[in-house]
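Architecture at a glance
This is what each chain is made of:
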Amino acid sequence: NFTVIPTGIDLEAYRIASGEKIRKKRRWEKDIVMISVGRLAPEKNWPLLLQAAALVLKEIPLFRLVLIGDGPDRKSLEDLAKELGIQKRTTFTGSLSFSEIPAYMKAANLFGFSSVTETQGLATLEAMAAGLPVVAVDASGTRDILRHGQQGYLVENNAEALAAATGA
């Protein structure tokens, strides 16, 4: 028998972090913020998260999608946000230092994750450490650390399922 033990994370940073200053500085006070963290690259399946955000925004006008990270797909993802008409409700923060991530996580209401290629899902663990419910595509890595209906929801790999799990 084998037991998989994911890489650990330091919970203290998430326990003491506060998102209030970020919400105020970014003017997100009234927003329902879905945050995600990762390299902006094809393997992360970001277009799906943007498409789901567009569906959610039809039902929940105060919804905001925040993507933390940078990478080769940033320009095409910004273009897709424009094409979907959600650029004003989508924030691309670019890369942030590791020390900034806990406060950003605490500034959010939920964590969205569309990658189907994760091996360990560290960003998902960090979101859970921040107390965020997770809405994620049901895939290896994420499935290994998230119990559907407990820490959040594992859904099919499509925008409609992802949007529905956010409450839209």
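Here goes a summary of the coordinates provided. (Residues numbered from 1 in each chain as written. Predicted model: local features only at pLDDT ≥ 70, side-chain atom pairs only at ≥ 80, totals over all residues. Heavy atoms only, no water.)

1. A look at unusual backbone geometry
Positioned with a positive phi, Arg-27 is a non-glycine residue whose angle comes to about 60 degrees. Within the secondary structure, Arg-27 sits in the loop between α2 (20-25) and β1 (32-37). Notably, Asn-45 is not glycine yet its phi reads approximately 65 degrees, a positive angle. Judged by relative accessible area, Asn-45 falls into the buried class, the value being 19%. (Helix = DSSP H or I, 4+ residues; strand = E, 2+ residues; numbered from the N terminus. Buried < 20%, exposed > 50% of the residue type's maximum accessible area, 1.4 Å probe, protein only.)

2. Remarks on the packing of aromatic side chains
A complete count under the given rule lists two aromatic pairs for this structure. Arranged with centres 6.2 Å apart and planes meeting at 75 degrees, the rings of Trp-28 and Tyr-104 form a pair that is edge-to-face. Of this pair, Trp-28 sits in the loop between α2 and β1 while Tyr-104 sits in helix α5 (residues 101-107), placing them 76 residues apart in sequence. By relative accessible area, which is 1% here, Trp-28 ends up buried. Between Phe-111 and Phe-113 the ring centres are 5.7 Å apart and the planes differ by 25 degrees, which places this aromatic pair in the stacked class. Residue classification places Phe-111 among the buried positions, given a relative accessible area of 0%. For Phe-113, a relative accessible area of 3% translates into the label buried. (Phe/Tyr/Trp six-rings, centres within 6.5 Å; stacked < 30°, edge-to-face > 60°.)

3. Quick look at the sheet that holds strand β5 (residues 134-137)
Read across the open sheet, the six strands follow the order β3-β2-β1-β4-β5-β6; overall the sheet is parallel. A strand with exactly one partner marks an edge of an open sheet, and here the two such strands are β3 (90-94) and β6 (152-155). When strand polarity is set aside, the average angle formed by the axes of neighbouring strands in this sheet is 20 degrees. Where strand β4 (residues 110-113) meets β5, three bridges bridge the pair, whose relative direction is parallel. Residue pairing across strands places Phe-111 opposite Val-134, the latter belonging to β5. Sheet contacts for helix α3 (residues 46-59): β1, β2 (63-68), β3, β4 and β5; angle to β2, the most-contacted strand, approximately 165 degrees. (Pairing = 2+ DSSP bridges. Axes fitted to C-alpha atoms, helices over the stretch in contact; angles between N-to-C directions. Contact = heavy atoms within 4.5 Å.)

4. Here's the deal with the side chain of Asp-31
Its location among the elements puts Asp-31 in the loop between α2 and β1. Those residues in contact with Asp-31 that lie beyond four places of it in its chain are Arg-23, Leu-62, Arg-64, Arg-89 and Asn-109.

5. Details of the packing of α3 against helix α4 (residues 74-83)
The N-to-C vectors of α3 and α4 enclose an angle of 20 degrees; their axes lie 10 Å apart at closest approach. In this view, α3 runs roughly parallel relative to α4, as classed from their interaxial angle. Here α3 runs over α4; the crossing is right-handed. Together, Trp-46, Pro-47 and Leu-50 of α3 and Leu-77, Leu-80 and Ala-81 of α4 make up the contact between the two elements. Here the residues of the contact of α3 with α4 are counted per class, giving six nonpolar, no polar and no charged. (Parallel < 35°, antiparallel > 145°, perpendicular 65-115°, else oblique. Left-handed = near helix turned anticlockwise from the far one by under 90°. Nonpolar A, V, L, I, M, F, W, Y, C, P; charged D, E, K, R; others polar.)

6. Observations regarding the environment of Asp-10
Among the structural elements, Asp-10 can be located in the segment before α1 (12-16). Residue class for Asp-10 comes out exposed when judged on its relative accessible area of 54%.

7. Some words on the nonpolar core
Looking at soluble globular proteins, one finds that nonpolar side chains tend to be buried together. Core analysis: the largest hydrophobic core is formed by 29 residues, its most contacted members being Met-34, Leu-49, Phe-63, Leu-65, Ile-86 and Leu-162. The set of elements that each furnish at least two residues to this core consists of α3, β2, α4, β5 and α8 (159-165). Among the elements that take part in this core, α3 stands out by supplying nine residues, more than any other. With near-sequence residues (within four places) excluded, Met-34 lies in contact with Leu-49, Phe-63, Arg-64, Leu-65, Val-66, Leu-110, Phe-111, Gly-112, Val-135 and Thr-166. (Core = buried A, V, L, I, M, F, W, Y, C linked by side-chain atoms within 4.5 Å.)

Any link to function would need more than the numbers given here.
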